[in-house]
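Working through the structure, step by step
As a plain string of letters, each chain reads:
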Amino acid sequence: MDYEQQVRRASGGDVKAFVDLTQQFQHMAFGAALALVNDFHQAEDVVQEAFVAAWSALPSLADPAAFPGWLRGIVRHQAFRVLRKRTLRTVPLAEAEDLPGEEVLPDRRLEQRRQSAMALAAIAGLPGKLREPATLFFIHECSHQDIAVFLGLPVATINNRLHAARSKLKERMLAMVNETFHAHALPDDFANRIGRLIEARGAVVEALFNPDAPPDVLTELAVSDEANRRAVAVQVFQPPSGGFVRGIALSPAAALPRGSTVLSSGNQSETPVSLDELGRLLPQLAGPSPIATGAARLLETGIKVIDVMCPLVAGGNAIIAGELCNPTYTLYELTHRLKDGPDGLKLFALLQVWRDAPPGFSFPASLKEEGLADIPCGAVQQFFMRAEDGPWTASRLSLLDPFDVVIRHSRDLARARVFPAVDVVTSRSRLFQTNAVSVEHVAVAERVRKAIAALWAADLHAEGGADARMLERALKLQNYFTQPFFVAERWNKRPGTTVSLAEALQTCRDILDGRCDDLPTDAFYFSGDMAEIRGNVGRTLKFGPVTWPPRAQ
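Residues numbered from 1 in each chain as written. Predicted model: local features only at pLDDT ≥ 70, side-chain atom pairs only at ≥ 80, totals over all residues. Heavy atoms only, no water.

1. A closer look at the overall build of the protein chain
Of the regular secondary structure elements, the protein chain holds 19 helices and 13 strands. Every one of the 553 residues in the protein chain was classed for burial, and the buried ones make up 48%. Total accessible area on the protein chain stands at roughly 25,800 Å², and carbon and sulfur atoms take up 53% of it. (Helix = DSSP H or I, 4+ residues; strand = E, 2+ residues; numbered from the N terminus. Buried < 20%, exposed > 50% of the residue type's maximum accessible area, 1.4 Å probe, protein only. Areas by Shrake-Rupley, 256 points an atom, 1.4 Å probe, with all protein chains shown as cover.)

Set out below in structure tokens:
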């Protein structure tokens, strides 16, 4: 998009378009200001004030093509304001005729541009510990306080380093006078880690970064709250769209002004998100639930355990949680299956800290390596957040009540080779409390839940144990709820399967009522519909079935 189109959009209030304009013209504005005030710090102030003034006055610009010259005029005006504040020398009126005029001659303009370009190249040549604060200060509109916050250093240290950087720049500029000028790239990726705050609404923070290098999901950001001399930590919770990034503030973010500087740490956040805060934010992130509006409707996925035991709400939301059992495969499988459908869905994944992760482990990199990051979202919105460590107790699960659907993964089920490791005892759907689900569906789900709960609570090695036949049927149900996923085909060499809700309900009824007692338990493992299950009889399975789950902890 050329700058004229950006000017038109920005004139209509498009913040992103104006930020794009700022990025495109910031070096030109800085060079013009530096040529006038001849001071890096004051040139930075001039450019900052000039862009603020330009944003306010932009609707009055009649011709978008005139934007560069119009912006230069604003920079010039702001620069003269700075110059007027300096101590002026009083001279006799007769000497006025010897004073230079304001008009800059062409050769002088060319020299100014060359000096500005040399200054930028000189910044790139500074030592590492000086280059970062100098880049932030001279190029990216950050104050001393901003730099101190971002680099985790005292303001006094920043002052000293910037003073040293100025001295180095003077030396470098003198040496460059006798050198042939050539272009220098700005420092590595540090510049791409600088963004601008678009808006902070409650605990939801929206920022804009370089579209070619936005922060990954779960990256920790810091927003400079200069008025309160602090940094507000933010965790990126949605995959970025271009340069647009959304995150959740991990500390109070009230009154953060638009345009505040945002720095990406480049590191994964290790701070868990409060479930209380997440519940309060849900209406802001997911909008009104169809259940609340009386328009609830079941969204069929073809995944047996979800459609039967914790059915999704069309246009609603669901949270996928678990202890030390990565729920991302379930999230991406649902995304793969529902992305092209007409119904929107908001999926929240609560991920616990990987305590046994190898050094340098990166969650976004692992998604890319497993081929998950490239799955388009379509009608599905994804949210990723760090979860608190510890077991999912009843009181902790109650904090998820605001969500339409809770899909909880279990470590014990994962150890028992149940995939997906969805715990049907603690997973739930609010659809069961509406007339959007048949009475028969509710009854089957309740029978299944009781049977599998009894299976996991039983001790088959004790004398006089529970009804062995009912436990065997429960084990068939647990095996039946295992299913190949499309997104995991590269790992298990099995194509994904889809089973209709009607078929899944009928099979659950048949198992519970004894109509499948003639089939071996292992025939139900990691299969699709009944036709495939009957075809498994007598075959050697590549993966071992769930023969006896370990006792739940």
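2. Quick word on the pairing of strand β12 (residues 405-409)
The element β12 is largely enclosed, with a buried count of five among its five residues. Side chains of β12 alternate between two faces, with Val405, Ile407 and His409 and Val406 and Arg408 buried alike. Across five bridges, the pairing between strand β9 (residues 317-322) and β12 is parallel. Following the sheet pairing, Ala318 is matched in β12 by Val405. Pairing geometry for β12 and strand β13 (residues 428-429), over two bridges, is antiparallel. In the strand pairing of β13, Val405 is matched with Ser429. (Pairing = 2+ DSSP bridges.)

3. Considerations on the packing of helix α15 (residues 439-457) against helix α18 (residues 501-512)
Between α15 and α18, whose axes approach to 10 Å, the crossing angle comes to 50°. Taken as axis vectors, α15 and α18 run oblique relative to one another. Handedness of the crossing formed by α15 with α18: left-handed. Packed against α15, whose contacting residues are Glu440, His441, Val444, Arg447, Val448 and Ala451, the element α18 presents Leu501, Leu505, Cys508, Arg509 and Leu512 at the interface. Here the contact of α15 with α18 is built from residues that sort into seven nonpolar, one polar and three charged. (Axes fitted to C-alpha atoms, helices over the stretch in contact; angles between N-to-C directions. Parallel < 35°, antiparallel > 145°, perpendicular 65-115°, else oblique. Left-handed = near helix turned anticlockwise from the far one by under 90°. Contact = heavy atoms within 4.5 Å. Nonpolar A, V, L, I, M, F, W, Y, C, P; charged D, E, K, R; others polar.)

4. Things to note about the environment of Leu512
Structurally, Leu512 can be placed in helix α18. Residue classification places Leu512 among the buried positions, given a relative accessible area of 6%. Remark: the alpha-carbon pair of Leu512 and Glu472, spanning 40 residues in sequence, is separated by 9.9 Å. In this structure Leu512 touches Arg447, Val448, Ala451, Arg473 and Leu477, once residues within four positions along its chain are discounted.

5. Side note on the sheet that holds β13
The strands that make up a sheet are held in pairs by hydrogen bonds between backbone atoms, and each pair lies either parallel or antiparallel. Here five strands make up an open sheet; going across it, the order is β11-β10-β9-β12-β13 and the pairing mixed. The sheet is open, and its two borders are formed by β11 (380-386) and β13, each paired with just one other strand. Relative to β11, strand β10 (residues 345-351) runs parallel, the two sharing seven bridges. Of the residues in β11, the one forming a bridge with Leu351 is Arg386.

6. Description of the sheet that holds strand β4 (residues 230-236)
The antiparallel closed barrel is built from six strands, whose spatial order is β1-β2-β5-β4-β3-β6. Taking each pair of neighbouring strands and ignoring which way they run, the sheet shows an average axis angle of 45°. As judged from the four bridges shared by strand β3 (residues 219-225) and strand β6 (residues 261-268), these two strands associate in the antiparallel manner. Bridged to Thr219 within β6 is Gln268.

7. So, the packing of helix α16 (residues 468-480) against α18
As a packed pair, α16 and α18 sit with axes 9 Å apart at the nearest point and diverge in direction by 160°. Relative to α18, the element α16 lies roughly antiparallel. Every pair of crossing elements has a handedness; the one defined by α16 and α18 is right-handed. Listed contacts from α18 to Arg473, Lys476, Leu477 and Tyr480 of α16 are Glu503, Ala504, Thr507, Cys508, Ile511 and Leu512. Within the contact of α16 with α18, the residues separate by chemical class into six nonpolar, one polar and three charged.

8. Things to note about helix α4 (residues 67-85)
In a regular helix each residue adds 1.5 Å, so 19 residues correspond to 27 Å; α4 covers 27 Å between its end C-alpha atoms and thus fits that length. Turning to α4, its buried residues are Phe67, Pro68, Leu71, Ile74, Val75, Gln78, Ala79 and Val82. End-on view of α4: buried residues confined to an arc of 135°, all on one side of the axis. (Expected span 1.5 Å × (residues − 1). Arc of directions from axis to C-beta.)

9. What about the state of the cysteines?
Scanning all chains against the criterion turns up zero disulfides. Counting only cysteine sulfurs, Cys508 is the nearest neighbor of Cys516, a cysteine outside any disulfide, at a range of 9.7 Å. (Disulfide = S-S within 2.5 Å.)

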